[in-house]
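Summary of structural features
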Amino acid sequence: CSSDLPMKHFLFTLTESGCCSVFYGTKWLYNINIAGETIQSVFHDRANDSLITISQTGDGLKCRSTPLARMNDMNGIRRSVCLFESETIHGIQYFTTISKILTHSSLGQSYKIWDAVSHAPIWSIPEDNAEDVHYSSSHPDLLFFDRRPSPTQRVMDIRSILTGVLIRSISFPFNDDDADSDDSDLKTVLNMLFNTGHAEPGLPFHFVTLDQQHYMEIDENYSVVYNSKREIISENDDLTSSCRGIVIMDHELIFYCEDVHRQASIYVSNIMTGKRVACLQSYDEQSKQALRDVTCLSYNVDRNEIYTGNSNGNIHVWTK
């Protein structure tokens, strides 16, 4: 199982082979794949209360939308609506928090922003102005377009996601031999914007805006909450390099970790204090198997349940 996506009473699971199944509670209903379709990712379109699926076909990526109200049987999938049929899409990213969609068309040689509610195009830029696009959840109104004018120089164009207007360009040296440069260089750009100095290179990271005064930075071994003056408010050292499936709720951080002895646990921590609120550990052979080789984790707010999927393709539901 490569990902879980809970929506109200539905749970959607996606395997590494591209097979997506829908469950109602814990009851399996059906697979949502249409013939010849390999699903790469699924999203919850909150604005339209629908499921968005992105699939690989021989002609590129296909995107379709299915209202959750039609999910009770397979007929709902057959009545799903195809999106962006006029485009030949080779890359797509869905920004659920701001209801925007970014598509990349190699045939049209452009990046394009769409409104996720009406699915109408908003703006586009030529492909030759960017080799890649980055997004940081701490700045949901910005997109970072990566250009490399020369083998030793890199330029990050910062554009408004609403209008496409160029806000600022930042140039810095680029080392083509650095395999981890994408993450570390974007992190450097964000730090330059905040005048916080250079970050340590080569670490995976997440930036999350908590409110107008606080934001959180998550690296592979810790999470830190800062205020707007870059003062540390809290730290969480339960995170280790083996952590995966990090879920961020309003006030809590949920994640899965294995220790050096492969003893696995699910941790729930208070974001603002960094203190552990709960820890789910194996208490018998069944729960030990459930926590072994977990590949994905998600949380259902409506049902107050944690879902985990493992490398064997099994799904487990954790509830009070």
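Look a little higher up for the structure.
Source: prediction; values computed, not measured. (Residues numbered from 1 in each chain as written. Predicted model: local features only at pLDDT ≥ 70, side-chain atom pairs only at ≥ 80, totals over all residues. Heavy atoms only, no water.)

**Comments concerning the sheet that holds strand E5 (residues 38-45)**
Our working rule: Pairing between strands is defined by DSSP: at least two bridges between them are needed. Strands here mean DSSP runs of E at least two residues long; helices mean DSSP runs of H or I at least four residues long; both are numbered from the N terminus. To get an axis, a line is fitted to the C-alpha atoms, and for a helix only the part in contact is used. The angle between two axes follows their N-to-C directions and goes from 0 to 180 degrees.
On the basis of which strands lie adjacent, the open sheet formed by 4 strands has the order E5-E6-E7-E8 and antiparallel pairing. Edge strands, defined here as strands with exactly one partner in the open sheet, are E5 and strand E8 (81-83). In this sheet, adjacent strand axes meet at a mean angle of 30° when their direction is disregarded. Bridge analysis of E5 against strand E6 (residues 50-57) gives 7 bridges, and the strand direction is antiparallel. Paired with Phe 43 across the strands is Ile 52, a residue of E6.

**As for the pattern of salt bridges**
What counts here: Definition used for salt bridges: Asp or Glu carboxyl oxygen within 4 Å of a side-chain nitrogen of Lys or Arg. Any residue under 20% of the maximum accessible area for its type is buried, any over 50% is exposed, and the rest in between are partly exposed; the area is computed with a 1.4 Å probe on protein chains only.
For the coordinates displayed, the defined rule picks out 4 salt bridges. Linking Lys 112 and Glu 87 is a salt bridge whose minimum nitrogen-to-oxygen distance equals 3.1 Å. Here the residue Lys 112 occupies a position in strand E11 (residues 110-115), and Glu 87 occupies one in the loop between E8 and strand E9 (91-95), the gap between them amounting to 25 residues. In this structure Glu 87 comes out as buried when scored by relative accessible area, which is 16%. Among the ionic pairs, Arg 303 bridges to Glu 305, the shortest N-O distance being 3.1 Å. Accessibility expressed as a relative area gives 30% for Arg 303, which makes it partly exposed.

**Considering the environment of Gln 109**
Assignment of secondary structure puts Gln 109 in the loop between strand E10 (100-105) and E11. Between the alpha carbons of Gln 109 and Ile 125 there is a distance of 8.8 Å; along the sequence they are 16 residues apart.

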